[in-house]
Amino acid sequence: MTVRTRFAPSPTGFLHLGGARTALFCWLYARRFSGQFILRIEDTDLERSNSELVQAILDGMEWLELDWDEGPFYQMERIDRYREIIAQLLAEGNAYKCYCSKERLIDLREKQMAVKEKPRYDGLCRMQDPKDSDQPYVIRFKNPQEGSVTFDDQVHGTITFQNSELDDLIIARSDGTPTYNLTVVVDDMDMNITHVIRGADHINNTPRQINLLKALGAELPIYAHVPMILGPDGKKLSKRRNAVSIMQYHDFGYLPDALLNYLVRLGWSHGDQEIFSREEMIKCFDIKDVNKAPTIFDFDKLNWLNQHYMKTEDPEKVAPYLQHQMDLLGIDISSGPMLTEIVKVQAERCHTLKEMAEKSIYFYRDVTVYEEKAQKHLKLEAAVILEAVKEGVANLTDWTAESIHQVVIAVAEKLELKLGKVAQLVRVAVTGGTVSPPIDVTLELLGRECVLERLQRAIAFCEE
């Protein structure tokens with residue numbers, strides 16, 4: 001059997017963390033077993049679906065580099081196929097037209113809830129077998145009324161539902177458009193999906209879909225329902241409540257590999273290993289190792305992983321993502337150091353690329369204002385120290401961190417000052433703040449002309 005998984009998001013919201021993790025698990029399982037990964041867009045909810053959300057899903061998948069082998073398939077382009085299946089179910093007596101009004105269904109639900117019954121359709125039109133009329137109708141699937149549905153979930157084990165608990169679900173709305181439970185079944189059947197990996201919130205849909213698949217004579221896929229991701233407040237992350245788009249994590253300054261590494265560990269483990277390359281994820285991942293219990297999203301853990309990747313990845317690979325942050329800040333990097341050099345010197349000090357960009361602005365923009373806590377260093381007596389450093393670096397023939405370091409040492413010894421005091425004063429002068437990479441490295445990256453100008457400006461500030 002060739003493994004075929006699918007990720008089938010609905011463009012009624014952005015691709016969020018839960019969806020991205022589901023996509024990752026589907027992708028990993030297909031790659032692990034040399035199968036195919038299919039991308040399918042479930043866009044039949046016309047009221048809430050739109051092209052911008054579709055594009056946001058595609059952008060998120062591409063940013064995460066979760067490549068698909070087939071698709072993207074769009075359900076709205078398969079409407080004729082769904083209508084064909086609906087007609088087949090009607091002709092074979094496995095579906096029927098339901099003329100019940102919305103008012104009747106609301107009243108039925110209220111009465112059932114009043115006596116603490118599970119709200120469900122009572123099968124009125126199924127029992128009465130109403131004749132065609134001019135009244136609007138939906139089409140319902142004739143769910144078996146006896147027996148049970150049992151399936152072996154790869155995460156939760158054996159799950160059983162009594163058919164008596166399942167009502168006759170609507171498979172076509174009054175406007176003729178098919179519903180989710182119908183389209184997903186037809187798509188999984190037509191696309192030969194072998195493993196359905198999705199969120200645990202779909203468990204209740206599974207017995208209904210299994211009954212539909214059986215009515216169509218289709219082979220059943222293997223199901224795996226992965227646990228929910230909860231927010232720090234212990235509540236479910238929802239694409240319409242409090243979960244942000246995956247692309248916002250791009251804007252927040254996270255690397256895609258770091259986010260994937262974090263997501264794969266939400267509900268899955270492989271011994272005590274925390275850091276996984278993509279290759280290691282593929283080699284080690286098995287859906288049977290996913291835990292049942294919901295897992296809580298932890299920004300501290302994500303930040304730790306992101307910093308690890310910023311420090312260990314090739315700076316050439318990280319630099320384009322830092323460029324995105326610079327673009328968001330409106331910073332022109334053409335007159336400053338290469339971004340690869342910024343990654344090298346700043347990764348130890350930052351958890352995100354957004355933070356790195358914000359802490360590196362002084363490399364690309366002139367310093368004309370000093371932070372409030374930095375101004376206390378720029379007293380009158382500091383002018384002498386800065387003048388000595390300026391004179392020393394101005395005479396350097398070799399503009400390197402090592403040579404600059406020797407100048408700072410020489411000034412400290414000559415003026416009988418601690419090296420840290422001199423370095424901090426120079427840092428304030430050239431960056432406008434009190435935090436930067438080592439001062440010799442910082443000056444090397446800024447360049448001679450820039451350093452001399454900023455030292456002179458700071459000297460003038462001290463003498464005011």
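Residues numbered from 1 in each chain as written. Predicted model: local features only at pLDDT ≥ 70, side-chain atom pairs only at ≥ 80, totals over all residues. Heavy atoms only, no water.

1. Focus: the overall build of the chain
Note the cut-off: Runs of H or I in DSSP of at least four residues are treated as helices and runs of E of at least two as strands, each being numbered from the N terminus. Radius of gyration here uses only the C-alpha atoms, and the compact-globule reference equals 2.2 Å multiplied by the residue count raised to the power 0.38. Note on classification: 1.4 Å probe, protein chains only; a residue is buried when its accessible area is under 20% of the maximum for its type, exposed when over 50%, partly exposed between these limits.
Helix and strand content of the chain: 20 helices and 12 strands. In terms of overall size, the chain is more extended than a compact globule, its C-alpha atoms giving a radius of gyration of 31 Å where 464 residues would be expected to give roughly 23 Å. Projected onto the principal axes, the alpha-carbon positions of the chain cover approximately 100 × 45 × 40 Å. A total of 464 residues make up the chain; the buried ones form 51% of that total.

2. A word on the pairing of strand β3 (residues 70–74)
Put simply, the rule reads: Pairing between two strands is assigned when DSSP locates at least 2 bridges connecting them. When the strands point away from the viewer and the connection leading from the first strand across the helix to the second strand turns clockwise, the crossover is called right-handed.
Here strand β2 (residues 36–41) runs beside β3; their pairing, made up of 3 bridges, is parallel. Along β3, the bridge assignment pairs Ile-38 with Glu-70. Assessed by its sense of winding, the connection that carries the chain from β2 through helix α2 (residues 51–63) to β3 is right-handed.

3. Comments concerning the sheet that holds strand β8 (residues 170–172)
Here is the rule: As a rule, the C-alpha atoms of each element are fitted with a line to give its axis, helices using only the stretch in contact, and angles between N-to-C directions run from 0 to 180 degrees.
Here 3 strands make up an open sheet; going across it, the order is β4-β5-β8 and the pairing antiparallel. If you trace the sheet from one side to the other, it starts and ends with β4 (95–98) and β8, each paired once. Taking each pair of neighbouring strands and ignoring which way they run, the sheet shows an average axis angle of 45 degrees. Pairing analysis gives 4 bridges linking β4 to strand β5 (residues 138–141), with the strands arranged antiparallel. Looking at the pairing, Lys-97 lines up with Ile-139 of β5.

4. Focus: the packing of aromatic side chains
Two numbers describe a pair of aromatic rings. These are the distance of the centres and the angle of the planes. Selection rule: Pairing of aromatic side chains here covers Phe, Tyr and the six-membered ring of Trp, requires ring centres within 6.5 Å, and sorts the geometry by plane angle: under 30 degrees stacked, over 60 edge-to-face, intermediate tilted.
Summed over all chains, the structure comprises 14 aromatic pairs. Between Phe-151 and Tyr-223 the ring centres are 5.9 Å apart and the planes differ by 65 degrees, which places this aromatic pair in the edge-to-face class. Taken together, the residues span a long stretch of sequence, with Phe-151 in strand β6 (residues 148–153) and Tyr-223 in strand β10 (residues 222–226) at a distance of 72 residues. This pair shows no difference in class: Phe-151 is buried, exactly as Tyr-223 is.

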